[in-house]
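# An overview of the molecular structure
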Amino acid sequence: MTSSRHAVVVGAGIVGICTAIELRRHGLAVTVLDRLEPGQGCSFGNAGILAAHAVVPIGLPGAGGQLPRMLIDAESPLALRWGSLPRTLPWLMRMRRESTPARVQEIADAMRALYRSTLELHRALAQEAGVPELVLPTPGLYVHRSPQGIDLEQGLAWRLRRERGAHIEVLEGAALRQAEPALSPEYTRGVRMGPMGCTVNPLRLVQAYAALLVRMGGQVRRVEVSRVQVNHSRPREGGGITVHTSAGPVPADAAVVAAGAWSAELLKPLGLSLPLIAERGYHVTFADPGLRLNHVVTEIEAHFACTSMEVGLRVAGTEELGSPDDAPRWRRAEVLQRQARRLFPAARLEQASRWMGPRPGLPDSLPAIGAVPGHPSVYVAAGHGHLGLTGAPHTGQLVAGLVVGKPPALSLDVYAPGRFSG
Ligand SMILES: Cc1cc2nc3c(=O)[nH]c(=O)nc-3n(C[C@H](O)[C@H](O)[C@H](O)COP(=O)(O)OP(=O)(O)OC[C@H]3O[C@@H](n4cnc5c(N)ncnc54)[C@H](O)[C@@H]3O)c2cc1C
């Protein structure tokens, strides 16, 4: 497959690599640029959940009420850093504006449209990449220590999911024990939800997809990108982009910025101000827990998820708003470790590795997918927040379609990169 058109993708995370694969399928010559090896950014250590039913934005009506607690409680799953308040406060105000009941319904529909196909798309890609064992259909189990903490009738999050077709089953007492025997007896009620899936190794998945891209004829280069330049003297529809890198300029006909939480800096010189923040999350992975879960287990109150992976039991969570390159605060990982011991008291949760990753977050919990206003050959594929692994294959298809001028199967207005301007 050859083409005279060359597309450059900035970012070798799950979103950039999936986008590059789809561009290659359309016959473009494709180069992915990243300062690190594929999958070493936020895609390295996520919880692995392929959340086909994900329809709940982080900003629900009333979410602003939690702010005072975030500022004073070091163990809260949501955290602000005092030093980054000038950056986070405008973001939180915007999130609040996006949290009206009507807007939340709209966002939930947009999330459903983007994420519902995740399991099928990842299974097909993993098969093609020669790693079918990395993607498994796995139901979710949501638990709360207080039985009243799960209100399927009144709780808005549950209503949004139910109204959009999630399969929900309440498990109590013995049924819950049987479903997940390692769970602490403190938990007496849970909700099983599907359909969904997980990857048992997010890093190996990105690496396998990157290897597939190379087999398809794409290139992956390890360089730092300093600027994406549009040369207006060249015709708008053909050529005219120079991507400046630590190894010199790379000419292209189209560029896709898929640089995760770092994307805004590259887009600003093009006149696009994307209110992207790092929603920093942490994981603790226990190498030899002595248990294998039947579900991805989510603790609702403490906001963390537990996934059995090939590398052990991963416990992942926390939302610390700030900048992607701030030093990790390992106290957050220690909190996760303690909470996991409480959830699975009989497990061997000692030998652990820990990690922090910056989720690329936009205030309406939707990614930016589309062309940069005024620059029709530069595209954005960034800002998937908690759901980048889930949304990467579909995003890749949509962006590649835009680059080759194929009309998208769904309206992309709701994901437009310029939607926060004005
Ligand atoms: C604790 C935690 C749990 C999570 N759990 C899940 C989950 O279960 N399911 C799910 O769907 N999602 C989950 N996520 C979210 C998911 O991991 C992210 O949304 C996703 O990894 C984002 O992918 P990306 O490709 O956009 O960004 P990244 O993976 O961060 O990739 C961006 C790449 O761009 C490169 N880059 C940036 N700037 C430059 C530059 N100037 N020059 C060169 N290279 C550059 C970086 O080096 C990086 O490799 C979780 C995240 C965290 C932190």
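Before reading on, note that the structure itself is shown above.
Here's what I pulled together on the structure shown here. Remember, it's a predicted structure, so these values are computed and weren't measured experimentally. Residues take numbers from 1 onward in each chain, read along the sequence in its written order. Side-chain atom pairs in this predicted model are given and counted only at pLDDT of 80 or more, local residue features only at pLDDT of at least 70, and totals for whole chains, interfaces and linings cover all residues. By convention in this description, side-chain values take in all heavy atoms of the structure and omit both hydrogens and water.

## Looking at the packing of helix α5 (residues 118–128) against helix α8 (residues 202–215)
At a closest axis distance of 9 Å, the pairing of α5 and α8 adopts a crossing angle of 60°. Here α5 is positioned oblique relative to α8, judged by the angle of their axes. Of the two possible hands of crossing, α5 and α8 adopt the one that is left-handed. Of α8, the residues touching α5 (which contributes H122, L125, A126 and E128) are L205, Y209, L212 and R215. Under the convention adopted here, Pro, Cys and the residues Ala, Val, Leu, Ile, Met, Phe, Trp and Tyr are nonpolar, Asp, Glu, Lys and Arg are charged, and Gly plus all remaining residues are polar. In terms of residue class, the contact of α5 with α8 is built from five nonpolar, one polar and two charged. To get an axis, a line is fitted to the C-alpha atoms, and for a helix only the part in contact is used. The angle between two axes follows their N-to-C directions and goes from 0 to 180 degrees. Secondary structure elements are defined from DSSP: runs of H or I of at least 4 residues count as helices, runs of E of at least 2 residues count as strands, and each element is numbered from the N terminus. Any angle from 65 to 115 degrees is called roughly perpendicular, while one under 35 is roughly parallel, one over 145 is roughly antiparallel, and all others are oblique. It is the rotation of the near helix from the far one that decides the hand of a crossing: anticlockwise by less than a right angle makes it left-handed, clockwise makes it right-handed. By the convention used here, residues are in contact when the closest approach between their heavy atoms is within 4.5 Å.

## Observations regarding the sheet that holds strand β11 (residues 225–230)
Here three strands make up an open sheet; going across it, the order is β11-β12-β13 and the pairing antiparallel. Of all the strands in the sheet, the pair left with one neighbour each is β11 and β13 (248–252). Adjacent strand axes in the sheet meet at a mean angle of 20° when their direction is disregarded. The pairing of β11 with strand β12 (residues 241–245) spans five bridges and is antiparallel. In the sheet register, V230 faces β12, and the bridge partner there is I241. Pairing between strands is defined by DSSP: at least two bridges between them are needed.

## Digging into the nonpolar core
Think of a nonpolar core as a cluster: buried Ala, Val, Leu, Ile, Met, Phe, Trp, Tyr and Cys residues, connected wherever their side-chain atoms sit within 4.5 Å. Working definition: with a 1.4 Å probe on protein chains only, accessible area under 20% of the residue-type maximum means buried, over 50% means exposed, and in between means partly exposed. Judged by nonpolar contacts, the single largest core of 67 residues is most densely connected at I17, L23 and Y209. Leave out the neighbours within four places in its chain, and I17 touches G11, A12, V32, V206, Y209, A210 and L213. Membership of the second largest hydrophobic core comes to 27 residues, among which are V250, A259, L267 and L276.

## Remarks on the sheet that holds strand β5 (residues 135–137)
One open sheet accounts for three strands, arranged β3-β9-β5; its pairing is antiparallel. Lying at the two open borders of the sheet, with one neighbouring strand each, are β3 (49–50) and β5. Pairing of β5 with strand β9 (residues 197–199), which is carried by three bridges, proceeds in the antiparallel orientation. Directly across from L136, in β9, lies its bridge partner C198. The strands touched by α5 within the sheet are β3, β5 and β9, with β5 carrying the most contacts at an inclination of about 145°.

## A few points about the pattern of salt bridges
Salt bridges are defined by distance alone: a side-chain nitrogen of Lys or Arg within 4 Å of a carboxyl oxygen of Asp or Glu. Under the counting rule described, the total for this entry stands at 24 salt bridges. Between R189 and E172 there is a salt bridge, and its shortest N-O distance comes to 3.1 Å. Within this pair, whereas R189 is found in strand β8 (residues 189–194), its partner E172 is found in strand β7 (residues 167–172), the two being separated by 17 residues in sequence. Several salt bridges share partner residues, and in doing so they unite R94, E98, R103, E106, D364 and R419 into one network.

## A look at the site of the ligand
Inspection of the region around the ligand gives 34 residues, with D34, S43, G385, H386 and T390 positioned closest. Pairing of N or O atoms within 3.5 Å defines a polar contact, subject to two protein rules: one partner must be a possible hydrogen donor and the other a possible acceptor, and residues neighboring in sequence count only if both atoms are side-chain atoms. At a separation of 2.9 Å, an oxygen atom of the ligand approaches a polar backbone atom of I49. For the ligand, whose free accessible area comes to 1000 Å², the fraction covered by protein is 97%. Broken down by secondary-structure element, the contributors of at least two residues to the shell around the ligand are α1 (14–25), β15 (277–286), β19 (352–361) and α11 (388–403). For this description, a residue counts as near a given molecule or strand if any of its non-hydrogen atoms is within 4 Å of it. With residues, only the protein chains shown are counted as cover, and all accessible areas are computed by Shrake-Rupley using a 1.4 Å probe.

## Concerning the packing of aromatic side chains
Here a pair means two rings of Phe, Tyr or Trp (six-membered ring of Trp) with centres within 6.5 Å. Their orientation is stacked below 30 degrees between planes, edge-to-face above 60, and tilted elsewhere. Tallying each qualifying case throughout the model produces three aromatic pairs. Between Y282 and W330 the ring centres are 6.0 Å apart and the planes differ by 80°, which places this aromatic pair in the edge-to-face class. Taken as a pair, Y282 in strand β15 and W330 in the loop between β18 (312–322) and α10 (331–343) lie far apart in primary sequence, 48 residues in all. The exposure class assigned to Y282 is buried, which follows from its relative accessible area of 2%. For W330, a relative accessible area of 27% translates into the label partly exposed.

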